[in-house]
Amino acid sequence: MRIAVVGTGYVGLVVGACFAETGNEVICVDRDANKVRKLNRGGIPIYEPGLEELVRRNRHERRLMFTTNLPDSVRRSQVVFIAVGTPTGEDGSADLKYVLGVAREIGRAMSGYTVVVDKSTVPAGTSELVSAVIRRETKHPFSVVSNPEFLKQGAAVEDFLKPDRVVIGANDERAANIMRDLYRPFTRTGAPIMVMDCASAELCKYAANAMLATRISFMNEIANVCELFGADADKVRQAIGADRRIGTAFLFPGIGYGGSCFPKDVQAIIKFSADRKYRFRVLEGVQAVNAAQKVRLLGKLDKALGKNLRGKTIAVWGLAFKPRTDDMREAPSVPLIQGLLERGAKVRAYDPEARNVAKGIFKKKISYARSAYDAVRDADALLVVTEWNEFREPDFKRVKRLMKTPVIFDGRNLYDPKQVRALGFKYSSMGRP
Ligand code: NAD
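One structure accompanies this document, and this report is about it. (Residues numbered from 1 in each chain as written. Predicted model: local features only at pLDDT ≥ 70, side-chain atom pairs only at ≥ 80, totals over all residues. Heavy atoms only, no water.)

**Remarks on the pairing of strand E12 (residues 381-384)**
Link 1 in the chain: Of the two faces of E12, the one lined by Ala381 and Leu383 and the one lined by Leu382 and Val384 are each fully buried.
Link 2 in the chain: Note that strand E9 (residues 313-317) and E12 share four bridges and pair parallel. Bridging from a neighbouring strand, Val316 pairs with Leu383 of E12.
Link 3 in the chain: Both E12 and strand E13 (residues 407-410) contribute to a ladder of three bridges, which runs parallel. Bridge pairing in E13 links Val384 to Asp410. (Buried < 20%, exposed > 50% of the residue type's maximum accessible area, 1.4 Å probe, protein only. Helix = DSSP H or I, 4+ residues; strand = E, 2+ residues; numbered from the N terminus. Pairing = 2+ DSSP bridges.)

**Observations regarding the sheet that holds strand E14 (residues 426-428)**
Link 1 in the chain: With parallel pairing, six strands are arranged side by side in an open sheet as E11-E10-E9-E12-E13-E14. One side of each edge strand has no neighbouring strand; the edge strands of this open sheet are strand E11 (367-368) and E14.
Link 2 in the chain: Against the sheet, helix H13 (residues 296-305) touches E9, E12, E13 and E14, its axis set at about 160° to E13. (Contact = heavy atoms within 4.5 Å. Axes fitted to C-alpha atoms, helices over the stretch in contact; angles between N-to-C directions.)

**As for the packing of H13 against helix H14 (residues 333-342)**
Link 1 in the chain: Here H13 crosses H14 at 30°, and the two axes come no closer than 9 Å. Here H13 is positioned roughly parallel relative to H14, judged by the angle of their axes. For the pair H13 and H14, the crossing hand works out as right-handed. Residues Leu297, Leu298 and Leu301 of H13 form the contact with H14, whose own contacting residues are Pro335, Leu336, Gly339 and Leu340.
Link 2 in the chain: Counted by class, the contact of H13 with H14 contains six nonpolar, one polar and no charged residues. (Parallel < 35°, antiparallel > 145°, perpendicular 65-115°, else oblique. Left-handed = near helix turned anticlockwise from the far one by under 90°. Nonpolar A, V, L, I, M, F, W, Y, C, P; charged D, E, K, R; others polar.)

**Considerations on the site of the ligand**
Link 1 in the chain: Near the ligand, the surroundings consist of 26 residues, among which Asp30, Lys35, Thr86, Gln153 and Lys264 are the closest.
Link 2 in the chain: The separation between an oxygen atom of the ligand and a polar main-chain atom of Thr121 is 2.9 Å.
Link 3 in the chain: Interatomic distance of 2.8 Å between a side-chain N/O atom of Gln153 and a nitrogen atom of the ligand.
Link 4 in the chain: When the ligand is considered free in solution it has 830 Å² of accessible area, and contact with the protein chains removes 89% of it.
Link 5 in the chain: Looking at the shell around the ligand, the elements that each hand over two or more residues are helix H1 (10-21) and helix H5 (97-109).
Link 6 in the chain: When grouped by side-chain class, the residues that make up the shell around the ligand number nine nonpolar, nine polar and eight charged. (Near = heavy atom within 4 Å. Polar contact = N/O pair within 3.5 Å; in protein donor to acceptor, adjacent residues only side chain to side chain. Areas by Shrake-Rupley, 256 points an atom, 1.4 Å probe, with all protein chains shown as cover.)

**Comments concerning H14**
Link 1 in the chain: Every buried residue of H14 is accounted for by Ser333, Val334, Leu336, Ile337, Gly339 and Leu340.
Link 2 in the chain: Where H14 is buried, its residues contact helix H12 (281-294), H13, E9, strand E10 (346-350), helix H15 (355-362) and E12.
Link 3 in the chain: Of the residues flanking the end of H14, it is Gly344, one or two places downstream, whose phi is positive at about 90°.

Take a look at the structure:
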């Protein structure tokens, strides 16, 4: 099939490359000319495991192309995906200006029956808005489909190639069948393709993200309560996770969720529910808990080192909002580092992939180490912020030798408290005695 994907970000690039991998001819469109130039030269604008090879192979086979020319791409395609951002607007709602702007351009360009697929995360009812916008621009027949994306950054290619399920919101069989054909190669292991009405499909994505965010905030509160009683949140986590009704995923206490999706999607549900006079109390709580949790480590630091960190150097391991990505959108590292700077500390940070992204945020206000060990040199304390694999089993003796004082604040519970304390570290983590 000939496909266009508009928006070549974390989602669009993966979607485009994976559809090319199954033999489709895909053209990825982005208005960011630098991004397109880089992709056309064989570069890759983001870090995502497995993506570079996938893009290289499919470019080489001429099944994957990149352009800034939306009209041409739409004219030659049977299916056009909209995968542009839906950031939080000023009032907290999902801002649809990019989605509707692209819909208008698609409407103007289309030259025959086209399936327009909304891949971006959008509130219930958006497919109708997209339809109305396109209808104003064209006389050609078209179908609007909602196809929310459940991939997670850090494992995006794997998730797209082997989805747990595919959700398709379609109001007509013709479009539903085209979508089934497109996704069949990814669901051969039996993952269901769930076809439903557009509003339900649109809500699926928000409900999934809100549920995951709720589990995180819930477990963080359990960890905070554990601290009040000298209980061990890890033990509690394992015991409740063994219950099959609960399961083990997304129950790790830490320093809160970040990224481009959970914060904005939780905020968007609260807002679109409120617009219909419904107050989503659970999610209000989830959001408040997360905001507090993101800076909880600073409270621990204040208790241990005092609020004035002038003359102190604090090492930070991990900047990305989670491992295996370079994305720092809404990352807990950002308010944490800001808090450290406000307290007068010198910050030396290390992240395996997010160094350049961090430079765009903090400029010269912090220094950027070349390795985890380089970061802790002469540091008064170490903050573990992102659970990259390479931080899981460091050479603690070397870390201790390099640090000025052996103090670790572990925001991800990576280490065994007994073991690190036995090595002479002062150690504190989340919800563990
Ligand atoms: P992104 O910011 O990485 O990418 C969006 C891209 O769209 C950018 O490259 C931007 O230049 C481009 N763009 C914006 N307006 C355009 C226009 N008019 N014409 C052409 N290109 C345009 O965003 P993302 O993380 O890929 O997210 C996209 C959507 O997918 C969002 O709605 C998001 O909520 C959803 N989503 C994201 C993830 C994730 O893990 N990042 C997962 C599932 C769903």
